[in-house]
Amino acid sequence: MRIHCPYCGERGVEEYSYRGDATVRRPDANGPDALERFVEYLHLRDNPAGSHQEFWQHLHGCRAWLVVQRDVRTHAIESVIAASRRVAR
Amino acid sequence: MMTETQPFRLATGGLVDRAAPLNFSFDGRAITGFAGDTLASALLANGVRLVGRSFKYHRPRGILSAGVEEPNALVEHRSGSRREPNSRATVLELYDGLVATSQNRWPSLRCDLLSVNSWVSSFIAAGFYYKTFMWPASFWERIYEPMIRRAAGLGRTAPAHDPDTYEKATAFCDVLVIGGGPAGIAAAVAAGRTGARVILCDEDFVLGGGLLGDKADIDGGSGVDWTRTMAGELAAMPEVSVMGRTSVTGVYDGGVFGAVQRVSDHLPEPLPHQPRLRFWRIVARRSILAAGAIERPIAFGNNDRPGVMLAGSVRTYINRYGVAPGRRAVIFANNDGAAGTLDDLAAAGVDVAAVVDSRDGSSAAVSVAAARHGVVMHAGAMVTQAYGGHGLRSVEILTSDRQRERISCDLLAMSGGWNPTIHLTSHLSGRPRWDEAAAAFLPGSLPPGMTVAGAATGNADLNACLASGAATGLAAAHDCGFSGRLPSWRGHGSGDGQCHQPVRPLWRVPGARGKAFIDFQSDVTTDDIDLSVREGFGAAEHAKRYTALGMATDQGKTSNVAALGILAEITGTDIASRGTTTFRPPYTPVAIGALAGHARGMDFHPRRLSPAHPFETEQGAVFVEAGAWLRAQYYPRPGETWLQSAEREVRTVRGGAGICDVSTLGKIDIQGPDARAFIERIYCNNFAGLKPGRARYGLMLREDGFVLDDGVTMCFSDTHFVMSTTTANAPVVMQHMEFHHQCVWPELDVQLTSVTEQWAQFSVAGPLSRELLRRVVDRQHDIANEAFPFMSAAQVTVAGVTARLARVSFSGELAYEIAIPAQYGDSLLRELMRQGEAFGVCLYGTEALAIMRIEKGHVAGGELNGHTTAADLGLGKMMSAKKDYVGRILAQRPALRDPERPTLVGLLPLDHGSQVRAGAHLVASGRAANLENDEGYVTSSAFSPMLGRWIALGLLASGNNRTGEIVRACDPLRGTESLVEICSPQFYDPTGERLHG
Ligand SMILES: [Zn+2]
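Residues numbered from 1 in each chain as written. Chains lettered and ligands numbered in written order. Predicted model: local features only at pLDDT ≥ 70, side-chain atom pairs only at ≥ 80, totals over all residues. Heavy atoms only, no water.

Caption draft 1: Up close: the environment of Ile318 of chain B. Residue and element names in this part refer to chain B. Locating Ile318 in the fold gives a position in helix 8 (residues 311-319). The class for Ile318 is buried, based on a relative accessible area of 5%. Through-space distance from the C-alpha of Ile318 to that of Ala290 is 24 Å; in sequence the pair is 28 residues apart. (Helix = DSSP H or I, 4+ residues; strand = E, 2+ residues; numbered from the N terminus. Buried < 20%, exposed > 50% of the residue type's maximum accessible area, 1.4 Å probe, protein only.)

Caption draft 2: Up close: the sheet that holds strand 22 (residues 394-398) of chain B. Residues and elements named next belong to chain B. Taken together, the three strands give an open sheet; going across it, the order is 21-22-23, and neighbouring strands pair in antiparallel fashion. In this open sheet, the two strands that pair with only one neighbour each are strand 21 (382-387) and strand 23 (404-408). Recorded for the sheet is a direction-independent mean angle of 25 degrees between the axes of neighbouring strands. Two strands pair when backbone bridges link them, and strand 21 and strand 22 are joined in this way by five bridges, in the antiparallel orientation. Along strand 22, the bridge assignment pairs Met382 with Leu398. (Pairing = 2+ DSSP bridges. Axes fitted to C-alpha atoms, helices over the stretch in contact; angles between N-to-C directions.)

Caption draft 3: The coordination of the zinc ion, seen in detail. All names here are of chain A. With distances of 2.0 to 2.3 Å, the protein atoms coordinating the zinc ion are Cys5 (SG), Cys8 (SG), His58 (ND1) and Cys62 (SG). Taken together, the four donor atoms coordinating the zinc ion span angles of 104 to 117 degrees at the metal, a pattern that classifies the geometry as tetrahedral. Counting along the primary sequence, the residues that act as donors to the zinc ion give the motif C-x2-C-x49-H-x3-C. Taken together, the positions of Cys5 in strand 1 (residues 2-5) and His58 in the loop between strand 4 (51-57) and strand 5 (65-71) put the pair 53 residues apart, joining distant regions of the chain. (Donors = N, O, S within 2.8 Å, 3.2 Å for Na, K, Ca; no water. Tetrahedral: all angles 85-135°; square planar, octahedral: opposite > 155°, others 65-115°.)

Caption draft 4: Local environment of the domain arrangement of chain B. Residues and elements named next belong to chain B. Partitioning chain B into structural domains gives domain 1 (1-160), domain 2 (166-293 + 420-498), domain 3 (297-416), domain 4 (507-601), domain 5 (633-851) and domain 6 (899-997). Computed over C-alpha atoms only, the centres of domain 5 and domain 6 are separated by 29 Å. Both sides together, the interface formed by domain 5 and domain 6 hides about 1200 Å², and carbon and sulfur atoms give 60% of it. Taken together, the links from domain 5 to domain 6 amount to one salt bridge. Ionic pairing is found between Arg994 and Glu813, a salt bridge with its closest N-O pair at 2.8 Å. Run the count over domain 5 and domain 6 and you get six residue pairs in polar contact (both at pLDDT 80 or more). Take the side of domain 5 that touches domain 6: its biggest share by element is five residues, from helix 18 (residues 642-655). Of the residues contributing to the side of domain 5 that touches domain 6, the split by class is seven nonpolar, three polar and six charged. (Domains from an automatic or database assignment. Buried area = accessible area lost by both parts, 1.4 Å probe. Salt bridge = Lys/Arg side-chain N within 4 Å of Asp/Glu carboxyl O. Polar contact = N/O pair within 3.5 Å; in protein donor to acceptor, adjacent residues only side chain to side chain. Nonpolar A, V, L, I, M, F, W, Y, C, P; charged D, E, K, R; others polar.)

Caption draft 5: Quick look at the packing of helix 12 (residues 526-534) of chain B against helix 14 (residues 560-571) of chain B. All names here are of chain B. As a packed pair, helix 12 and helix 14 sit with axes 10 Å apart at the nearest point and diverge in direction by 50 degrees. It follows that helix 12 is oblique to helix 14 by the angle criterion. Remark: the crossing between helix 12 and helix 14 carries right-handed chirality. Contact with helix 12, carried on its side by Thr526, Ile529, Asp530 and Val533, involves Ala563, Ile566, Leu567, Ile570 and Thr571 of helix 14 and no other residues of that element. For the contact of helix 12 with helix 14, a count of residues per class yields six nonpolar, two polar and one charged. (Parallel < 35°, antiparallel > 145°, perpendicular 65-115°, else oblique. Left-handed = near helix turned anticlockwise from the far one by under 90°. Contact = heavy atoms within 4.5 Å.)

Caption draft 6: Representation of the side chain of Thr227 of chain B. Residues and elements named next belong to chain B. Within the secondary structure, Thr227 sits in helix 7 (residues 223-236). Polar side-chain contacts of Thr227 include one of 2.8 Å to the backbone oxygen of Gly223. Residue contacts for Thr227: discarding those within four places in its chain leaves Ile185, Leu207, Gly208 and Leu211.

Caption draft 7: Focus on the nonpolar core. Counting residues in hydrophobic clusters, the biggest one holds 52 residues, and the most contacted among them are Phe26, Leu39, Tyr317 and Leu345 of chain B. For this core, the element with the most residues is helix 1 (residues 39-45) of chain B, which contributes six residues. Both domains that meet at this core, namely domain 1 (1-160) and domain 3 (297-416) of chain B, each give it at least three residues. Leu345 of chain B has contacts with Val314, Ile318, Ala329, Ile331, Val350, Val352 and Leu411 of chain B, leaving out every residue within four places of it along the chain. If you look at the next biggest cluster of nonpolar residues, it comprises 37 residues, including Phe55 and Val67 of chain A together with Phe687 and Cys743 of chain B. (Core = buried A, V, L, I, M, F, W, Y, C linked by side-chain atoms within 4.5 Å.)

Caption draft 8: Inspection of helix 23 (residues 846-856) of chain B at higher detail. Residues and elements named next belong to chain B. By the criterion of burial, helix 23 is predominantly enclosed, with nine of the 11 residues buried. Turning to helix 23, its buried residues number three or more, namely Thr846, Ala848, Leu849, Ile851, Met852, Arg853, Ile854, Glu855 and Lys856. Turning to helix 23, the residues buried within the fold contact strand 33 (622-626), strand 34 (629-634), helix 18, strand 35 (658-661), strand 48 (934-944) and strand 49 (949-957).

Caption draft 9: Structural context of the packing of aromatic side chains. With the rule as written, the count across this model stands at 16 aromatic pairs over all chains. A network of ring pairs unites the aromatic residues Phe55 and Trp65 of chain A together with Phe739 of chain B as a single cluster. If you follow Arg696 of chain B out to its NZ or CZ, it ends over the ring of Phe687 of chain B, 5.9 Å from the centre. (Phe/Tyr/Trp six-rings, centres within 6.5 Å; stacked < 30°, edge-to-face > 60°. Lys NZ or Arg CZ within 6 Å of the ring centre and 35° of its normal.)

Caption draft 10: Geometry of the environment of Arg83 of chain B. Residue and element names in this part refer to chain B. By the secondary structure assignment, Arg83 is in the loop between strand 5 (74-77) and strand 6 (84-88). Looking at Arg83, the relative accessible area reads 15%, which means it is buried. As a C-alpha pair, Arg83 and Ala160 span 77 residues in sequence and 9.2 Å in three-dimensional space. Contact partners of Arg83, with chain neighbours within four places excluded, come to Glu76, His77, Arg78, Arg156, Thr157, Ala158 and Pro159. Of note is the side chain of Arg83, whose polar atom sits 3.4 Å from the backbone oxygen of Arg156.

Caption draft 11: Here's a closer look at the interface of chain A and chain B. Contacts between chain A and chain B engage 27 residues on the former and 25 residues on the latter. A buried area of about 2200 Å², summed over both sides, lies between chain A and chain B, and 57% of it is on carbon and sulfur atoms. Taken as a group, Arg2, Arg26 and Trp65 of chain A account for 28% of the area that chain A buries against chain B, more than any other trio of residues on that side. Counting every contact that joins chain A to chain B gives four salt bridges.

Caption draft 12: Fine view of the confidence of the model for chain B. Here chain B averages 93 in pLDDT, and 94% of its residues register 70 or above. Here the complex is predicted with pTM 0.91, and the ipTM for its interfaces comes to 0.98. (pLDDT = per-residue confidence, 0-100.)

Caption draft 13: Structural view of the sheet that holds strand 20 (residues 376-379) of chain B. Residue and element names in this part refer to chain B. Reading across from one edge, 17-24-18-19-20 is the order of the five strands in this open sheet, with parallel pairing throughout. For this open sheet the edge positions go to strand 17 (308-310) and strand 20, each flanked by a neighbour on one side alone. Across the sheet, the axes of successive neighbouring strands diverge by a mean angle of 20 degrees, strand direction being ignored. In the sheet, strand 19 (residues 351-357) pairs with strand 20 via four bridges, with the strands oriented parallel. From the neighbouring strand, Ala354 faces strand 20, where its bridge partner is Val376. Helix 8 contacts strand 17 and strand 24 (411-415) of the sheet and is inclined by roughly 85 degrees relative to strand 17.

Okay, structure coming up:
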């Protein structure tokens, strides 16, 4: 697999490390149901057959964390953006 | 002249160099072939037809094919540590001095005692292992397995370390062409002429593919001449590389291909500085699969006799190698390829006894050819059985009017049609589809960017190959932004017509007698398929596993499709609905060495060395691997054991001063306006109050509430901190922090830089450490106790060089850590040791370090094991209640706050002489040592020189409330047990007075 790093260009998957679901956001630690929200944040994952948003890190490159939109059935990559450039909720 | 020793070599013809004889040996017999031969062609030229024994029945086997699909002619290539079992003689390029040995025979190839297996074969049919060796269980290891191992097997692996080297490389191109036959060449030329970057990979050692094996003419010249002209044109194109001896073995996502280049397999041994194999990762925008087709055998009785060959391979031995594979031939086919085979055999002077066409007399092409050569033609007939033990002597045919007839012959050229070589099209889960018209599986959905050309499309006629090659080559280049004209070539080959609509496939001959093999390498017969269906394993994937069909090193290249066809026949279904087995990489076997590349032995992973490694080596350090690092473990003096050395080092530190290299600790430079805010969220304890010039011990949790790592962080200003991590966790902590910075709190203005490699760092510990440092740190820096108290941190200079000094202690002694840019690390350590001589200083390693931290009850790897909470480690009070940090919320989960959780305790063996080892389990006194009673375990242990006895740390259920209790420390793995008393983990100087000295 090849991933296009916004900073370094297209590189082989061996330069990257995978973390997982990028749709989850760290909840408000002061919210009333913080414990439940954090359990969901850490452990509950959708498993869509299709397009999925994932965190990857360009570990052996510029070390940027990326949000990769990927079809998990075909491994086709639809988009890649730097995680730090994501618009806040 | 040489032909006298090569009785089956034709007087003329072929692409071998008769002026270049090559001597080789087979089973110790000296034989001669020619340059351009394979081992198989050279053996056939010399009349050697028996080359191996089969896997299960030890049946005599010869040469079936002339290519990578070969299931029978497997040999051990080379000898000694270079011995390579299961080498296919049909693709093994001959060189002077080649040594090959037959496999699976004992004591010799002609007299194989285990061929008795063949006579008892009714007992060892498919599924035999599963059924027979089930009972009694105790027989398996002692009797069955050794017996099977002796009888079965596919050659022997080399007995010693592989002396050769292997390489990996990466290449990029616009168009990758897989296969160097007419279609592949046409594609590469069409694409190359546009200026596109083209790579053509051909598994053979001569370009040309089917043009070498068949008689062909293209645009009035020979196929070989055309190939040479095109090869010259490709060689002259700067953007084109032709990689011969290179097999594309796998297709991966994103246009990535794996390929093995056999750099040295055709040489006696690799040239200096050359690898044996090079594994390529090829990244291509477009790819063209022009891998050709593989001919189908036909299942009839004893169809495995040496002398029964694939018809196309017979043509190849004649046309390419100038070898007649026999003197008197019978052709048995279900397609028009028989005509070309007959022409080529006749031209080579081989007597053709009969043509047996299984079709009902409808083929004009074959009848005409038979009439032209005056050969008897049997239409609608079948070969039912072959005769001859070590070599074919005759065949029995069943004519269309049901007469059985014996025809003497030593060669049978058979063709059951062709299977397009579409393996690579399904590596990304594409499903081949059955095409009734072609009576073959054709490519289904293709990997992105791939097109298929030539015989792999199901049409092997030369014109079609040239046209589809040119068209796909140009189209692929066009897709990459290049343009050019469509080349046009016209040709005709002796293989033409062979893929044309057999009326129906001929998988097996009805009424065949004797073993009719489908998978020659796994010794699977038609009867085995029948049995498999009878026993309920009729689905393709079940039958494959029940019979082991397609599971040998050839991966069923000549058998998978036939098995599907037979399954369909037996079950009365059509083959399309049986599906197909899935092709997976690699297409052909890949030596493990090629996949490992350089990552072997010392190069298995990088070795990280401390900047002071040279000095430590001079000082006699014994090193230990800590991750990728080599760390000094202890510094033995002559005659000292490791324990004596470590004890002396501890006593020297606690009695005076010692120096330990801690350069391997992770160091993360944290800068920016939000540096402090970020650290506050990463560590569970308070850093809001940490002032410049001070350092603080920090504890880091994972988001799930368990401890991740610990370390000291120095504050140099409100916007500049330097964090240290444990050696083992440095990469993980860095990644953890980068994730939280970039993905969770990108709004924080902070920069993180790993500076582990940039700074050498030494712990200077012991009551005299300050005096020692005073002689090394430049005089203007006041490091007196009052000016530089415990947990101070400062930028200082050493001989004018910027350094960092922190007063921190892992050993429990008055101690400092001094860091200096890495290039000065070795010099600084030498200077510290020189100045320390007056204080009796010594270097100490990780053993002494570990002893001292256990004496102090400090946690390290054994306790920071990913299963412990801050409270488990006695550090619960560090968790701030005033802020949010990673792990805060989930650390509140009930199970993590359970008062009965195992917590850190000290352990003292009642018997002072006895040793408690890490890993021993703790069981309440008087309870049985079993899983139900398990209450925890020993995490670290050491012999304490200061206490004069073994001490240990452990995690024990409700450990905080059990001080003074005696428990059992049971070590069933080593068969030891001792009684230990629970105590505080701080064994030495529990009040910490020495720290402040
Ligand atoms: Zn990058």
